[in-house]
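# Topology and contacts: notes
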Amino acid sequence: WFGVAYASERLPLFSEVLNELVDATVAHGGADVDDAPHCFAELKASEPFDPNLPDAAAKLVAGARVPAEALTWISFSRPLLVEVKKRMPEHSALLIADAPTVEAAWAVARDCVQYGLDGIDLRALEEVVTTELVEWLHARGKTIAVWVSRAPAREDTAATWDTLAARGVDDFTSNLPAA
């Protein structure tokens, strides 16, 4: 629905994306270099999730030899993410949530710690992603990322990003241009 000019475009296979990621990482000088290419790969699943999905994902990543620093798994499905983390402990795994309140965000953060995940990925709501939450997660060695809803999103503004960056949020997903 993005326009007639794109009607013949084919979505790449995930294996193709992983190969591009590895090639870009090598060309950039490695996954541990500042501003190295990085992919947040979302695993979508209904509950219960397909039990073959974690092994299939692990096989693709191993086959492409994706560096741990180049790929982070994200999912709304905690059970799926826990299984993926068991198979690929070297890759980060962030639990996505659309937490509408501070209390809901704290519940997601506690789940992250309890289940051995690497962090959380919340909607970029200034009233929910507090300095205290970010500091609590960082004190436990966890990452906090934020995302926005489909454009135009009320939370996708330079002011929101400045506020959340000042609070210590690690990663941002935005629909805004790079500037």
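About the criteria used
- Residues numbered from 1 in each chain as written.
- Predicted model: local features only at pLDDT ≥ 70, side-chain atom pairs only at ≥ 80, totals over all residues.
- Heavy atoms only, no water.
- Helix = DSSP H or I, 4+ residues; strand = E, 2+ residues; numbered from the N terminus.
- Expected span 1.5 Å × (residues − 1).
- Buried < 20%, exposed > 50% of the residue type's maximum accessible area, 1.4 Å probe, protein only.
- Arc of directions from axis to C-beta.
- Contact = heavy atoms within 4.5 Å.
- Polar contact = N/O pair within 3.5 Å; in protein donor to acceptor, adjacent residues only side chain to side chain.
- Axes fitted to C-alpha atoms, helices over the stretch in contact; angles between N-to-C directions.
- Parallel < 35°, antiparallel > 145°, perpendicular 65-115°, else oblique.
- Nonpolar A, V, L, I, M, F, W, Y, C, P; charged D, E, K, R; others polar.
- Pairing = 2+ DSSP bridges.
- Right-handed = clockwise from strand over helix to strand, strands pointing away.

### Focus on helix α4 (residues 102-114)
- Under the 1.5 Å per step criterion, the end-to-end length of α4 is 18 Å for 13 residues, consistent within 8% with the ideal 18 Å.
- Those residues of α4 that fall on the buried side of the exposure criterion are A105, W106, V108, A109 and C112. One side of α4 carries all its buried residues, which in axial view fall inside an arc of 160°. Away from its buried face by more than 90 degrees, α4 exposes E103 and Q114.
- Next to the buried residues of α4 lie β3 (92-97), β4 (119-123) and α5 (131-139).
- Looking at the residues trailing α4, positive phi occurs at G116, about 70°.

### Notes on the side chain of D118
- Note that D118 resides in the loop between α4 and β4.
- A distance of 2.6 Å separates a polar atom in the side chain of D118 from a polar atom in the side chain of K85.
- A polar contact of 2.8 Å, which involves the side chain of D118, links it to the backbone nitrogen of A93.
- Filtering out sequence-adjacent residues up to four positions away, D118 remains in contact with K85, H91, S92, A93, L94, C112, G141, K142 and T143.

### Quick word on the packing of α4 against α5
- Running from N to C, α4 and α5 cross one another at 5°; their axes reach a closest spacing of 11 Å. The orientation of α4 with respect to α5, classified from their angle, is roughly parallel. Contacts from A105, W106, A109, R110 and V113 in α4 reach E132, L133, W136 and L137 in α5.
- Here the residues of the contact of α4 with α5 sort into seven nonpolar, no polar and two charged.

### Concerning the pairing of strand β2 (residues 71-75)
- For β2, the buried fraction is high: five of the five residues fall into the buried class.
- Residues L71, W73 and S75 point to one face of β2 and T72 and I74 to the other, with burial holding for every one of them.
- Inspection of the sheet shows strand β1 (residues 39-42) paired to β2 by four bridges, in the parallel sense. Counted as the bridge partner of F40 is T72 from β2.
- Each parallel crossover has a hand, and for β1 linked through helix α2 (residues 53-64) to β2 it is right-handed.

### Digging into the sheet that holds β2
- The strand order β1-β2-β3-β4-β5-β6 describes an open sheet built from six strands, whose pairing is parallel. Of all the strands in the sheet, the pair left with one neighbour each is β1 and β6 (171-172).

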